[in-house]
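Chain by chain, the residues run as shown.
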Amino acid sequence: MAAPDIAIDYLANCREFMDELARLSWKEWQEIYQQRKQTLEDSLKNYQERTNTDRLPLTLVALYAGELVGMVSLKFHDMDTRPDLDPWLGGLFVIPEWRNRGVGTMLMHRGTEEARRLSVSQLYLWTHTAEALYRKLGWQAIQRTNYFGKEAVVMQIDLKERRSPRRVPLRLG
């Protein structure tokens, strides 16, 4: 089912949602924040740093009738066990009552579009739970690992434009 009238914008244009984003992120991934020895204030600081539109890091927000329904970020250093990989798409979150309506897919598509616009050629993510969704969107698993005490998969997507060779019409006689 498609999400009706969802707008996706930069957090930079919707700063009034910053505290809410930090709280939602903290609530959803509190165990990970705590294992990283981070607090709710660190979550807020992360979003304050993601108010760019012309470079990473940045956050995109999904809105319906002026209400926050989801978010996703493009950022650096999302998996400390893989410092060789950058940049990352992370923090995909959809408000529970908006799940299974296509909002997450919309955010993923817009996130990869933004990465392409910023000349990112490869993008990475890690997940404990959503491998099937990301596979459907063209991401490929590159590593299975234990991360923060749970099985996780690291995935990547190649964002280089795939242009077919330009065809030149053949002229006859």
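Residues numbered from 1 in each chain as written. Predicted model: local features only at pLDDT ≥ 70, side-chain atom pairs only at ≥ 80, totals over all residues. Heavy atoms only, no water.

Engineer: Mind showing me how you'd approach the pairing of strand β5 (residues 122-127) here?
Structural biologist: Along any regular strand, the residues point their side chains to alternate faces of the sheet. Here β5 lies mainly inside the structure; five of its six residues are buried. The sheet contact formed by β5 and strand β7 (residues 150-158) spans six bridges and is antiparallel. Note on β7: the bridge partner recorded for Y124 is Q156. (Buried < 20%, exposed > 50% of the residue type's maximum accessible area, 1.4 Å probe, protein only. Helix = DSSP H or I, 4+ residues; strand = E, 2+ residues; numbered from the N terminus. Pairing = 2+ DSSP bridges.)

Engineer: Got a minute to help me understand the packing of aromatic side chains in this structure?
Structural biologist: To describe a pair of aromatic rings, one takes the distance between the centres and the angle between the planes. Enumeration over the complete set of coordinates arrives at seven aromatic pairs. Pairing W26 with Y33 gives two aromatic rings, centres 5.5 Å apart and planes at 35°, and the pair type is tilted. Just as W26 is buried, Y33 falls in that class too. Site record: aromatic cluster; members linked through ring pairs are W126, Y147 and F148. The ring of Y47 is capped by R50, whose NZ or CZ atom sits 4.9 Å from the centre of that ring. Across from the ring centre of W98, 4.3 Å away, lies the NZ or CZ of R101, which sits over that ring. (Phe/Tyr/Trp six-rings, centres within 6.5 Å; stacked < 30°, edge-to-face > 60°. Lys NZ or Arg CZ within 6 Å of the ring centre and 35° of its normal.)

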